[in-house]
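Structure assessment
So you can see what is in the structure, the chains are spelled out below.
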Amino acid sequence: MFKRILNETESAIKLWEIIKSVLSIKERSKNTLVSTRLIQLLTAHGIHRNQIPRFLGNGLTLADVQTDEIFLSKLNEQILNDVCCKFGIQREWLDGANSQIYPVHDFYKRPEDFESFICEITSNNPKGKLSGVVIAPNESGFMAYGLILLKEIIDYIGEKEIYRYHICNNWAFSYWKARAYMAACIAVAWRKEVYIRGVYAPAKQIDKIIAGKKLLNEDTLNMECKRWYPEDMALCPEKFLDGIDPEIDDFGIRSGLELWLELDKKGFMDTKLRESPRRYFKNKLDEIKFNDVID
């Protein structure tokens, strides 16, 4: 009996130690210095601590950034607001009041707004090259989302390019309607000479980026994953349909092709890469409809 009580007591003590450890981690996270978060942000974007004075200016010196505590005493509203504007991040995250780092953009059903968004970025930063990546889930399922992640050159440290990131989310990758509108956005990008490549990644990894709560860096865009060509969704019906949920009686397949043709008629599927592939998509739709009649 005594031994059992002793074991239960030891187990309770161990459980309490674990709980205290978790609470301590959460408390430390909540109380993270603004300067510490700023260092984390700059490091993620490829700027070493010793390069911060050169990058931020504002009279900062190397001595000012040697510790987070000293750096905190040198920060002011101008520096903080400049950083938020430069990297397109939420000031609330930097202040420690919110866990969302980056704003997110939703262009589902709105390829015309995506085009305006690209034009706004390039007009505001004509010397900054804009490119990006489509990160698609490597598993199927209606809740498996993809995203378009744009990267914009905003500065240089020596010859190293420094980027601002733009998260464009809300693409249920296997849903025919989302796939068609994503294809239209990709075509718009290529037409505007914004070159977008593709990778597949686990859905859990994508979800962390979609929420805007993960610090982004070049490793995010250089995942060691299977590569693909997003522009093919606007050029080849088989590539466009790859992974789309067919739904009952191939409703998803037919509807996806019909929406592709509708968006193409409005000019959204023109990539400027080659002659219009419209007839291939029309032939594919006719083939599917014919097979449905035969069945």
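Residues numbered from 1 in each chain as written. Predicted model: local features only at pLDDT ≥ 70, side-chain atom pairs only at ≥ 80, totals over all residues. Heavy atoms only, no water.

Overview of the overall build of the protein
Secondary structure summary: the protein contains 13 helices and 6 strands in total. Counting across all 295 residues of the protein, residues that qualify as buried make up 44%. By sequence separation, contacts in the protein at least 24 residues apart represent 68% of the contacts at least 6 residues apart. Approximately 16000 Å² of the protein is accessible, and the part contributed by carbon and sulfur atoms is 52%. (Helix = DSSP H or I, 4+ residues; strand = E, 2+ residues; numbered from the N terminus. Buried < 20%, exposed > 50% of the residue type's maximum accessible area, 1.4 Å probe, protein only. Contact = heavy atoms within 4.5 Å. Areas by Shrake-Rupley, 256 points an atom, 1.4 Å probe, with all protein chains shown as cover.)

Description of the confidence of the model for the protein
Residue-level pLDDT values for the protein average 88, and 86% of them are 70 or greater. Counted against residues more than four places away or in other chains, residues 18-30, with its pLDDT under 50, gives 1 contact. (pLDDT = per-residue confidence, 0-100.)

As for the packing of helix α2 (residues 34-44) against helix α5 (residues 77-87)
Orientation of α2 relative to α5, taken along the N-to-C sense of each, is 30 degrees, at an axis distance of 12 Å. When the interaxial angle is binned, α2 and α5 end up roughly parallel. Classified by chirality, the crossing of α5 by α2 is left-handed. Across from Val 34, Leu 38, Leu 41 and Leu 42 in α2, the residues of α5 making contact are Leu 80, Val 83 and Phe 87. (Axes fitted to C-alpha atoms, helices over the stretch in contact; angles between N-to-C directions. Parallel < 35°, antiparallel > 145°, perpendicular 65-115°, else oblique. Left-handed = near helix turned anticlockwise from the far one by under 90°.)

A closer look at the nonpolar core
By size, the foremost hydrophobic cluster in this structure holds 47 residues, and its most contacted members are Phe 114, Ile 148, Leu 150, Ile 196 and Phe 240. Examining the composition of this core, we find that 13 residues originate from one element, helix α8 (residues 176-191), more than from any other. Ignoring any residue separated from it by four or fewer positions in sequence, one finds Leu 150 in contact with Phe 114, Phe 117, Leu 130, Ser 131, Gly 132, Arg 164, Tyr 165, His 166, Cys 168, Val 194 and Ile 196. (Core = buried A, V, L, I, M, F, W, Y, C linked by side-chain atoms within 4.5 Å.)

Observations concerning the layout of surface pockets
In this model, the largest pocket occupies a volume close to 310 Å³. Taken together, 17 residues form the lining of the largest pocket, with Ile 121, Asn 124, Glu 152, Arg 164 and His 166 sitting closest to its centre. Elements with a minimum of two residues in the lining of the largest pocket: α5, α7 (111-124), β3 (145-157) and β4 (160-172). The computed volume of the second largest pocket comes to approximately 220 Å³. Together, Phe 173, Arg 179, Tyr 200, Lys 226, Arg 227, Trp 228, Tyr 229, Asp 232, Met 233, Lys 239 and Asp 242 line the second largest pocket. Taken together, the residues that form the lining of the second largest pocket break down as 5 nonpolar, no polar and 6 charged. (1 Å grid on protein atoms, 1.4 Å probe; cavity = no way out; pocket = protein on both sides within 12 Å on 5 of 7 lines; lining within 4 Å. Points joined across faces, edges and corners; volume = space filled by probe spheres on them. Nonpolar A, V, L, I, M, F, W, Y, C, P; charged D, E, K, R; others polar.)

A short note on the pattern of salt bridges
Within the structure shown, the criterion is met by 16 salt bridges. Notably, a salt bridge pairs Lys 289 with Glu 258, separated by 3.6 Å at the nearest N-O pair. Of this pair, Lys 289 sits in helix α13 (residues 278-294) while Glu 258 sits in helix α12 (residues 251-265); the two residues are 31 residues apart in sequence, bridging distant segments of the chain. Lys 289 sits in the partly exposed class, given a relative accessible area of 38%. Note that Arg 278 and Asp 264 form a salt bridge whose closest N and O atoms lie 3.1 Å from each other. Taken as a pair, Arg 278 in helix α13 and Asp 264 in helix α12 lie far apart in primary sequence, 14 residues in all. With a relative accessible area of 14%, Asp 264 lands in the buried category. One connected set of salt bridges, linked through shared partners, spans Glu 77, Arg 91 and Asp 95. (Salt bridge = Lys/Arg side-chain N within 4 Å of Asp/Glu carboxyl O.)

Some words on unusual backbone geometry
At Glu 193, a residue that is not glycine, the phi angle is positive and equals roughly 65 degrees. Even without being glycine, Asp 250 reaches a positive phi, approximately 60 degrees. Of note, Asp 250 is situated in the loop between α11 (237-241) and α12.

What about the sheet that holds β3?
In space, the 6 strands of this open sheet follow the order β1-β4-β3-β2-β5-β6, with mixed pairing throughout. Either end of the sheet is taken by a strand with one partner, and the two such strands are β1 (104-106) and β6 (227-228). Packed onto the sheet, α5 meets β3 and β4 and runs at close to 65 degrees relative to β4. Running at roughly 55 degrees to β3, helix α9 (residues 203-210) makes contact with β1, β2 (130-137), β3, β4 and β5 (196-201) of the sheet. (Pairing = 2+ DSSP bridges.)

Section: α9
Taken together, the buried positions of α9 are Ala 203, Ile 206, Ile 209 and Ile 210. Viewed end-on, α9 has its buried residues packed into an arc of 120 degrees, placing them on one side of the element. Along α9, the residues that are exposed and aim more than 90 degrees away from the buried face are Lys 204 and Lys 208. (Arc of directions from axis to C-beta.)

So, the packing of aromatic side chains
For the structure shown, the criterion picks out 13 aromatic pairs. Each residue in the set Phe 107, Phe 114 and Phe 117 is aromatic and connected to the rest through ring pairs, giving one cluster. The ring of Phe 173 carries Arg 179 above its face, with NZ or CZ at 4.1 Å from the centroid. (Phe/Tyr/Trp six-rings, centres within 6.5 Å; stacked < 30°, edge-to-face > 60°. Lys NZ or Arg CZ within 6 Å of the ring centre and 35° of its normal.)

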